[in-house]
Amino acid sequence: MPPRRFDGRRLRARRREADMHQRVLGREVGVGSHEPVARWESGKSVPPAEKLPAIARALGADIDTLFPRDGAPDLVDLRCDAGYSQSHAADLLETVSRFRLGAAERGVRKLDAASLLEPARLYGVTVEELQAAQRRSFGEDVPTPEAARPAGKRLAETLSELVEQAFPGSRPTAEELAIAVNRRIGTEVLKAEHVDALLGGVSAEEIFDDGARTVVYEALGLYFDVSPMVFHDGQSAQRRVLEDIRFLAAQHDVALAARGGEGGVSPAFLAVLNELLSGEDEPR
């Protein structure tokens, strides 16, 4: 993606409009004196990209107006917009080394799903925005995300609500929750980093393959005493329900759909459902 466009003449005009001396601006953005600012404004050099947010703030300007950019940001752009050099960002990230960050920014090796939450928080963006930026760093044409909530965000909200209901006023750590869920199902299906990623908005598809994802949903449903379906997005939940309905009809050897122009569900399948529902009401 293209970096932000820098125009020394525009910077000079905005600085004078703000009635700020070059020396003051240099001090505000941490370059020590007026000399770097003078070189920027004369076109002899340009400031590091991570300095642009500080310059805009010091001048009380909107960064997208003072330093516009064509296109959506990649990983480097997000880091620079947050005001960090690569080494500074890596120093603040516990789960991502400078080597891994640099490889992702150069489009060599992607950060895995469990590693996305921390840089997203550091850069002040959502995990979905960071994922999209990473894909752009690898040459993919990814449009700016629309306003609709992604599946990962919906799952994070659902899981957060269940945690709040189960632990009012005393939210467990990610490790404690993972241990509790694993103990309930009798095997290890979740790790602390999985819980952190899910609560941070990473989609389950980015973390687990299809089989593991189904087991995780079953484990969470068992632990929180809810249907595993609540963790699916709308389309996948609908597909799962339809698959279960077809399986149920096959098991009872009845037609699922009514015939002869009646439409809807067959009377035989409705009888099966009524029988099953009646059985649910009986004490176990």
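Preceding this paragraph is the structure being described.
Rules and cut-offs
- Residues numbered from 1 in each chain as written.
- Predicted model: local features only at pLDDT ≥ 70, side-chain atom pairs only at ≥ 80, totals over all residues.
- Heavy atoms only, no water.
- Axes fitted to C-alpha atoms, helices over the stretch in contact; angles between N-to-C directions.
- Helix = DSSP H or I, 4+ residues; strand = E, 2+ residues; numbered from the N terminus.
- Parallel < 35°, antiparallel > 145°, perpendicular 65-115°, else oblique.
- Contact = heavy atoms within 4.5 Å.
- Nonpolar A, V, L, I, M, F, W, Y, C, P; charged D, E, K, R; others polar.
- Phe/Tyr/Trp six-rings, centres within 6.5 Å; stacked < 30°, edge-to-face > 60°.
- Buried < 20%, exposed > 50% of the residue type's maximum accessible area, 1.4 Å probe, protein only.
- Lys, Arg positive; Asp, Glu negative; His and termini not counted.
- Salt bridge = Lys/Arg side-chain N within 4 Å of Asp/Glu carboxyl O.
- Polar contact = N/O pair within 3.5 Å; in protein donor to acceptor, adjacent residues only side chain to side chain.
- Patch = residues over 30% accessible without salt bridge, like charges linked within 9 Å, V, L, I, M, F, W, Y side chains within 5 Å.
- Areas by Shrake-Rupley, 256 points an atom, 1.4 Å probe, with all protein chains shown as cover.
- Expected span 1.5 Å × (residues − 1).

## A look at the packing of helix α12 (residues 174-185) against helix α15 (residues 210-224)
Each packed pair of helices is defined by two parameters, the angle between the axes and the distance between the axes. Packing of α12 against α15 brings their axes to within 9 Å, and their N-to-C directions diverge by 90°. As the angle between them shows, α12 and α15 are arranged roughly perpendicular. Taken together, the residues of α15 that come into contact with α12 (itself represented by Leu177, Ala180, Val181, Arg184 and Ile185) are Val215, Ala219, Leu220, Leu222, Tyr223 and Phe224. Split by residue class, the contact of α12 with α15 holds 10 nonpolar, no polar and one charged.

## Things to note about the packing of aromatic side chains
Throughout the structure, instances matching the rule amount to two aromatic pairs. Residues Phe6 and Phe67 carry aromatic rings whose centres are separated by 5.7 Å and whose planes lie at 25° to one another, so their mutual orientation is stacked. Taken together, the residues Phe6 in the segment before α1 (8-17) and Phe67 in the loop between α5 (63-66) and α6 (75-81) connect sequence positions 61 residues apart. Each ring, one from Tyr223 and one from Phe224, has its centre 5.0 Å from the other, and the planes form 85°; the classification is edge-to-face.

## A word on the side chain of Arg136
Locating Arg136 in the fold gives a position in helix α10 (residues 127-137). Buried within the structure, Arg136 lacks any salt-bridge partner; Asp141 is the closest side chain of opposite charge, at an N-O distance of 6.5 Å. A polar side-chain atom of Arg136 sits 2.6 Å from the main-chain carbonyl oxygen of Pro73.

## Regarding a nonpolar patch on the surface
There is a patch of nonpolar side chains on the surface, built from Leu270, Leu273, Leu276 and Leu277 and spanning about 330 Å² of accessible area. Tracing the backbone shows Leu277 in helix α17 (residues 267-281). Classification of Leu277 as exposed rests on a relative accessible area of 55%.

## Structural notes on α12
Look at α12: 17 Å from first C-alpha to last across 12 residues, which is about the 16 Å you get at 1.5 Å a residue. Buried residues of α12: Ala174, Leu177, Ala178, Ala180, Val181 and Asn182, and no others.

## Thoughts on α15
With 15 residues, α15 should cover 21 Å at 1.5 Å per step; its first-to-last C-alpha distance of 21 Å lies within 8% of that length. Restricting attention to buried positions, one finds in α15 the residues Arg213, Val216, Tyr217, Ala219, Leu220, Gly221 and Phe224. Where α15 ends, the next residue or the one after it, Asp225, has phi of about 60°, a positive value.

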